[in-house]
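# Structural characterization, general
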Amino acid sequence: MSKIQVLDPITIDKIAAGEVIERPASVVKELVENAIDAGATAVVVEIKDGGISFMRITDNGCGIDREDVRSAFLRHSTSKIRSVDDLLHIGSLGFRGEALSSISAVAQVELITKTKDQTFGTLYRIAGGKEETLEDTGAPDGTTFIIRQLFYNTPARRKFLKTPMTEASHVGDLMTRLALSHPHISFQFINNGQSKLHTSGNGKLKDVIYHIYGREIASNLLQAEYDTPGLKITGFLGKPIISRGNRNFENYYVNGRYARNSIISRAIEDAYKDFTMQHKYPFVVLHIEIDGEHVDVNVHPTKMELRFNNQQEVYNAIYSAVDQGLHEKELIPHVEMPEPKPAVQSTPESKPAVRSTPEPKTAVRSAPEPKTAVRSAPEHNLEYFMSKMKERVLAEHEEKKKKEEAVTKQPVNTIQTIAEEKTPYMQNTAVRPQISTQTTAPEPPKQMELFEDHLLTREAMQKYKVVGQVFETYWLVEYDNSLYIIDQHAAHERVLYEKTLKSMQTREFTSQMISPPIVLNLSMREAELLNTYMDRFTRIGFEIEEFGQDSYAVRAVPDNLFSIAKKELLIQMLDSLSDEIARNQSPDLIDEKIASMSCKAAVKGNMKLSVQEVDALIGELLSLDNPYHCPHGRPTIIAMTKRELEKKFKRIV
């Protein structure tokens, strides 16, 4: 008897199902992607017991013709492609023709479908790969799949499923990604009769992010846009303050498909490197549109992996998109002044003031004026009372800090200028019309910032005042109505990094001979890397020569590295250059590695500095393009407003 035999179709289907269907979320993924390909604008997913016992996926797409129903459940039957040439230009999410065959091989499946041209719908039942019934039925346009008892005929697979709660969480994560990838489609997810997710399908990505992740993340987003021939990137980037401890919040979609790709992840994380700490990962939602001929989605049966034939171009484009988005907006936390709104609307800033106005005692505590002012308040409306209370509070604070300005300006103008430029937290939209009637039309409010477009004017640099040092590490700086706390180590790291980078770009450096030389014993790959970049090393001040087989002697280094030049640091730099994909087309790559190494010479915490030294350090820091984070992502400076301090001391209620 022959030892090699051809397996029967049922066994083949079950083996194939093991590749495509791992858990209930796999079933939902395949069927929802089919719904999207069918042109659905609304998709409802309902599960019970984590999807193990029951799943229902309903859409309003084009439906399946009655004569195609049986064929749809055969292996490698699909309406998406016709020949191998179509694989080069795949525009749909599904194309392999394995989903329905694999699902029906390991579950009890019921299909109800109807096209717009048909009078009746079609009901089809199949279980374990065997057809049970095919008949007419009443149904709306679209398709409904009901999946019962997943892996009922493969107990070995079923026992590897997790608890219903865990399986439901996987389905929930999947629906989140699908909603983010297709904001123009309304998705609803129902778990055990409770609606867990329901998006509007209005096409606005930010609305979907708000609905899924909430206000905190939605209010800390930066827009990303990048367009180059053959590749377009749009989406949103999270500010560094909402970084996470894993990559689960890195959402990127290639031609509408959610997938994992190391090239994309690395480009995103490299662009965030200066803004996030080690082992912290950013929040992003990026939509990447690329020509189909440059991407291969037929890597794995689950279509969760991608390959690019132009990896370097993809890396550079994504890096540029994220880097540009992060540098377009000020990243020091501050309170933003809203635009004036009608009195009927309220803003978060105005709510505390409105709640405190009905009690006259609040006005007395905030600004100790004669009681006659309080007694006269009931004779006026709420707006008049609010304007008077605000005038008294602002006048008192202004008199304490800037008496000379109070003398030279008219009282109403002073109050209005301060309210518009310096105290956004006291802003009340209902008060503005009352004040503006007494003066000329005010300009739109604008918050004063320490960093205006990443550049300090000379006047502003002269106005900040160094208050002192705490814990021999942090320096306190007073500027306008804010207190800034600067970490001397992180600040000096950033200053050294950018100073070194600039000097190397302008070739303002000298070499320093070292004796004895540093001998590097390199592997073949490391030696190849060194020879590849040898020209660059020589141009920036290194003197390296061969020193026997697979050994190299470093006889000179750039002068800024003389005190920290060690064998370990040089090996570490070569290791960082060994990655297959990097910005190796940029001539600044080596310079950045050297500049990063120079940070090790920065002053440390608990090192005492004189006021003059700190003043010079702060002056250099504030003149940089990116003074907000050290090269390793830690913040160099944080801010606390005068209002926050006054709230702590209960001077403001």
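These figures come from a predicted structure and were not determined experimentally.

## Quick word on the overall build of the protein
Each helix and strand in the protein was counted, giving 25 helices and 22 strands. Buried residues in the protein amount to 48% of all 653 residues. Relative to all contacts within the protein whose residues are 6 or more apart in sequence, the contacts with residues 24 or more apart total 70%. Only carbon and sulfur atoms are counted for the fraction: they give 52% of the accessible area of the protein, which is about 33800 Å².

## Re the packing of helix H9 (residues 262-271) against helix H10 (residues 311-327)
Where H9 contacts H10, the axes come no closer than 8 Å and their chain directions differ by 35 degrees. The way H9 lies across H10 gives a crossing that is right-handed. Touching Ile263, Ile264, Arg266, Ala267, Ile268, Asp270 and Ala271 of H9 are Gln311, Tyr315, Ile318, Tyr319, Val322, Asp323 and Leu326, all from H10.

## Structural notes on the sheet that holds strand S18 (residues 482-487)
Spatially, the four strands line up as an open sheet ordered S16-S17-S18-S22, and their pairing is antiparallel. Because the sheet does not close on itself, it has two edges, and the strands there are strand S16 (465-470) and strand S22 (637-641). When the angles between neighbouring strand axes are averaged without regard to direction, this sheet yields 25 degrees. With six bridges connecting them, strand S17 (residues 474-479) and S18 associate as antiparallel partners.

## Quick word on the environment of Asp141
Inspection of the secondary structure assignment puts Asp141 in the loop between strand S5 (130-137) and strand S6 (142-148). Taking the C-alpha atoms as reference points, Asp141 and Asp59, separated by 82 residues in sequence, lie 8.6 Å from one another. Once you skip the residues sitting within four places of it in the chain, Asp141 turns out to touch Asp59, Asn60, Gly61, Lys114, Thr115 and Lys116. Only 2.5 Å separates the side chain of Asp141 from the side chain of Lys114, close enough to count as a polar contact.

## Description of a nonpolar patch on the surface
On the surface, Met640, Leu645 and Phe649 cluster together into a nonpolar patch covering about 290 Å² of accessible area. Checked against the element boundaries, Met640 lands in strand S22.

## What about the pattern of salt bridges?
Taken as a whole, this structure holds eleven salt bridges when the rule is applied. Two residues, Glu110 and Arg148, come together in a salt bridge whose shortest N-O distance is 3.4 Å. Residue Glu110 is located in strand S3 (residues 108-114), and its partner Arg148 is located in strand S6; the two are separated by 38 residues in the primary sequence. Between Lys114 and Asp141 there is a salt bridge; the shortest N-O distance is 2.5 Å. Residue Lys114 is located in strand S3, and its partner Asp141 is located in the loop between S5 and S6; the two are separated by 27 residues in the primary sequence. Overall, the relative accessible area of 32% leaves Asp141 in the partly exposed class. Via salt bridges that share partners, Glu110, Arg125 and Arg148 belong to a single interconnected network.

## Some thoughts on the side chain of Glu46
For Glu46, the position within the fold is in strand S1 (residues 42-48). Take Glu46: its relative accessible area is 14%, and that puts it in the buried class. Beyond its immediate chain neighbours, meaning those up to four positions away, Glu46 contacts Phe54, Met55, Arg56 and Ile190.

## Topic: the sheet that holds strand S12 (residues 257-258)
Within a sheet, adjacent strands bond to each other through the backbone by hydrogen bonds, running parallel or antiparallel. Taken in spatial order, the five strands line up as S9-S10-S13-S11-S12 in an open sheet, and their pairing is mixed. Every interior strand has two partners, whereas the edge strands, strand S9 (221-228) and S12, have only one. Sheet topology places strand S11 (residues 250-254) next to strand S13 (residues 284-290); five bridges connect them, and they run parallel. If you follow Tyr252 over to S13, its bridge partner there is Leu286. Here helix H7 (residues 205-213) sits on the sheet and contacts S9, strand S10 (231-238), S11 and S13; the angle it forms with S10, its principal contact strand, is near 35 degrees. H9 rests against S11 and S13 of the sheet, and its axis sits at about 130 degrees to S11.

## Some words on the packing of aromatic side chains
Scanning all chains against the criterion turns up six aromatic pairs. An angle of 45 degrees between the planes, with centres 5.6 Å apart, marks the rings of Tyr213 and Phe249 as tilted. Taken together, the residues span a long stretch of sequence, with Tyr213 in helix H7 and Phe249 in the loop between S10 and S11 at a distance of 36 residues. In this structure Tyr213 comes out as partly exposed when scored by relative accessible area, which is 22%.

## Observations concerning unusual backbone geometry
Residue Ser515 is joined to Pro516 through a cis peptide bond whose omega torsion reads 0 degrees. In the Ramachandran plot, Gln149 falls in the positive-phi region, its phi being about 50 degrees despite a non-glycine side chain. Mapping Gln149 onto the fold places it in the loop between S6 and helix H5 (155-158).

## As for H10
Counted at 1.5 Å a residue, the expected span for H10 with its 17 residues is 24 Å, and the 24 Å between its end C-alpha atoms agrees. Within the sequence span of H10, burial applies to Gln312, Val314, Tyr315, Asn316, Ala317, Ile318, Tyr319, Ala321, Val322, Gly325 and Leu326.

## Thoughts on the pairing of S17
As judged from the five bridges shared by S16 and S17, these two strands associate in the antiparallel manner. Bridging across to S17, Lys465 finds its partner in Glu478. Count of turn residues in the S16/S17 antiparallel hairpin: three residues, of which Phe471 carries a positive phi of about 55 degrees. Where S17 folds back onto S18 in an antiparallel hairpin, the turn is made up of two residues, including Asp480, whose phi is positive at roughly 55 degrees.

## A short note on a negative patch on the surface
Judged by side-chain charge, Asp65, Glu67, Asp68 and Asp117 come together as a negatively charged surface patch. Here Asp65 is to be found in the loop between strand S2 (54-59) and helix H3 (69-72).

## Some remarks on helix H4 (residues 99-106)
Most of H4 sits inside the fold, with eight of its eight residues counted as buried. Turning to H4, its buried residues are Ala99, Leu100, Ser101, Ser102, Ile103, Ser104, Ala105 and Val106.

## So, the packing of helix H2 (residues 24-37) against helix H6 (residues 164-181)
At a minimum axis distance of 9 Å, the contact between H2 and H6 shows a crossing angle of 25 degrees. One way to sum up the angle between H2 and H6 is to call them roughly parallel. Handedness of the H2/H6 crossing: right-handed. The residues of H6 that touch H2, namely those facing Pro24, Ala25, Val28, Lys29, Val32 and Ile36, are Glu167, His170, Val171, Leu174, Met175 and Leu178. Here the residues of the contact of H2 with H6 sort into nine nonpolar, one polar and two charged.

## Comments concerning the confidence of the model for the protein
Mean pLDDT over the protein works out to 75, with 68% of the residues at or above the 70 mark. In the model, residues 342-380 has pLDDT below 50 throughout and makes 38 contacts with residues more than four positions away in sequence or in other chains. Predicted confidence is poor over residues 404-458, with pLDDT under 50, and the contacts of this stretch with residues over four places away or in other chains come to 102 contacts.

Reading guide: rules and limits
- Residues numbered from 1 in each chain as written.
- Predicted model: local features only at pLDDT ≥ 70, side-chain atom pairs only at ≥ 80, totals over all residues.
- Heavy atoms only, no water.
- Helix = DSSP H or I, 4+ residues; strand = E, 2+ residues; numbered from the N terminus.
- Buried < 20%, exposed > 50% of the residue type's maximum accessible area, 1.4 Å probe, protein only.
- Contact = heavy atoms within 4.5 Å.
- Areas by Shrake-Rupley, 256 points an atom, 1.4 Å probe, with all protein chains shown as cover.
- Axes fitted to C-alpha atoms, helices over the stretch in contact; angles between N-to-C directions.
- Left-handed = near helix turned anticlockwise from the far one by under 90°.
- Pairing = 2+ DSSP bridges.
- Polar contact = N/O pair within 3.5 Å; in protein donor to acceptor, adjacent residues only side chain to side chain.
- Patch = residues over 30% accessible without salt bridge, like charges linked within 9 Å, V, L, I, M, F, W, Y side chains within 5 Å.
- Salt bridge = Lys/Arg side-chain N within 4 Å of Asp/Glu carboxyl O.
- Phe/Tyr/Trp six-rings, centres within 6.5 Å; stacked < 30°, edge-to-face > 60°.
- Expected span 1.5 Å × (residues − 1).
- Lys, Arg positive; Asp, Glu negative; His and termini not counted.
- Charge placed at Lys NZ, Arg CZ, Asp CG, Glu CD.
- Parallel < 35°, antiparallel > 145°, perpendicular 65-115°, else oblique.
- Nonpolar A, V, L, I, M, F, W, Y, C, P; charged D, E, K, R; others polar.
- pLDDT = per-residue confidence, 0-100.

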